[in-house]
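Spelled out from the first residue to the last, the chains are:
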Amino acid sequence: MDLEAAREFMREHHRAVLATKRSVGIQQSPVLVNVDGEGRAIISSRETAFKVINLRRDPWAQLCVFTERFFGNWIYTEGEAEVLSLPEAMDPLIDYYKRFPDENPDWDEYRERMRREKRVLIRIALQRAGPDRPG
């Protein structure tokens, strides 16, 4: 699958499962994903989440993204992740939120909640996507 087609799918469909490498095996987490202005997959998380700890140790990340119906169209994509912590993450977290179709919140309250929850932004530089053929 073409990476731009995968990005377009993620701009429309935000439900996903993120896979990261644990010290032994794989850890999976349900997430909401979108795409930033540079074409990276972006996910908000907490500093203390296992997915964040795993990505700081090994930046490999894979996403399985699907529609609200769950069954039907889906994609996977993978690449190298970086974790951006506060305070540097604040503007990218605001950008992440603005990319969803909801109403914009009170931004001062949003910033305070991001600090209180110790939010980070995960950015995944996409390297592969699929499926490449039905099966």
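The numbers attached to residues start from 1 for each chain and follow its sequence in the written order. With the structure being a predicted model, the display of local features is reserved for residues of pLDDT at least 70 and the display and counting of side-chain atom pairs for 80 or more, all residues being used for whole-chain, interface and lining totals. Calculated side-chain values reflect all of the structure's heavy atoms, with hydrogen atoms and water omitted.

> Looking at this model, I keep getting lost on the pattern of salt bridges. Mind explaining?
Two side chains carrying opposite charge are able to pair once their charged atoms lie near each other. Here, a salt bridge means any side-chain nitrogen of Lys or Arg that lies within 4 Å of a carboxyl oxygen of Asp or Glu. Per the counting criterion, the structure on display carries 14 salt bridges. Of the charged contacts in the structure, one is a salt bridge between Glu 68 and Arg 15, with a shortest N-O distance of 3.8 Å. In this pair, Glu 68 is assigned in the loop between β5 (60-66) and β6 (74-84) and Arg 15 in strand β1 (residues 15-21), connecting sequence segments 53 residues apart. Between buried and exposed lies partly exposed: a residue is buried under 20% and exposed over 50% of the maximum accessible area for its type, with that area taken using a 1.4 Å probe on protein chains only. Given the relative accessible area of 67%, Glu 68 is considered exposed. Arg 40 is the partner of Asp 36 in a salt bridge, and the nearest nitrogen-oxygen pair spans 2.7 Å. In this text, helices come from DSSP runs of H or I with a minimum length of four residues, and strands from runs of E with a minimum of two, each type numbered from the N-terminal end.

> Honestly, unusual backbone geometry in this entry has me stumped. Any pointers?
For residues that are not glycine, phi is negative in most cases, and the peptide bond is trans in most cases. At the junction of Leu 86 and Pro 87, the peptide bond is cis and its omega measures out at 10° in the coordinates. Gly 130 connects to Pro 131 through a cis peptide bond whose omega is 5°. Among the secondary structure elements, Pro 131 is positioned in the segment after β7 (119-130). With phi around 75°, Phe 70 is a residue other than glycine that occupies positive phi space. The residue Phe 70 is located in the loop between β5 and β6 in this model. The residue Lys 118 is not glycine, and still its phi comes out positive at about 55°.

> How should I be thinking about the packing of aromatic side chains in this particular structure?
We describe a pair of aromatic rings using the distance from one ring centre to the other and the angle between the two ring planes. Any two of the Phe, Tyr and Trp rings considered here, Trp counted by its six-membered ring, make a pair once their centres fall within 6.5 Å; the pair's planes then place it as stacked at under 30 degrees, edge-to-face at over 60, or tilted in between. Under the criterion given, the structure shown has six aromatic pairs. Arranged with centres 5.1 Å apart and planes meeting at 75°, the rings of Phe 66 and Phe 70 form a pair that is edge-to-face. Phe 66 gets classed as buried once you look at its relative accessible area, which sits at 13%. On the basis of relative accessible area, Phe 70 is assigned to the partly exposed category, the value being 48%. Measuring from centroid to centroid gives 5.9 Å for Tyr 97 and Trp 107, while their planes differ by 90°, and the two rings are edge-to-face. A residue pair is termed long-range when its members are at least 10 positions apart, and Tyr 97 in helix α3 (residues 90-98) and Trp 107 in helix α4 (residues 107-116) qualify at ten residues. On the accessibility criterion, Tyr 97 (22% relative accessible area) is partly exposed. Since its relative accessible area comes to 21%, Trp 107 is described here as partly exposed. A network of ring pairs unites the aromatic residues Phe 66, Phe 70 and Phe 71 as a single cluster.

> Explain helix α2 (residues 50-57) here, please?
What sets the pattern is the α-helix's 3.6 residues per turn: residues three or four places apart point alike. Residues of α2 that are buried include every one of Lys 51, Val 52, Asn 54 and Leu 55, and no others. Along the long axis of α2, the arc covered by the buried residues comes to 160°, so they all point the same way. Any pair of residues with heavy atoms lying within 4.5 Å of one another is described as a contacting pair. For α2, the secondary structure elements touched by its buried residues are β1, β2 (26-32), β4 (41-46), β5, β6 and β7. Arc definition: directions from the helix axis to the C-beta atoms.

> Even after reading the chapter, I still don't get the nonpolar core, so can you show me in this structure?
When a protein is soluble and globular, its nonpolar side chains tend to lie buried together. In this text, buried Ala, Val, Leu, Ile, Met, Phe, Trp, Tyr and Cys residues form a nonpolar core when linked through side-chain atoms within 4.5 Å. Formed by 24 residues in total, the largest nonpolar core has its most connected members in Met 10, Leu 63, Ile 122 and Ile 124. Those elements that place two or more of their residues in this core are α1 (3-12), β1, β4, α2, β5, β6 and β7. For this core, the element with the most residues is β7, which contributes five residues. Ignoring any residue separated from it by four or fewer positions in sequence, one finds Met 10 in contact with Val 33, Asn 34, Val 35, Ala 41, Leu 63, Val 65, Ile 75, Thr 77 and Leu 126.

Nothing here speaks to function; it is geometry throughout.
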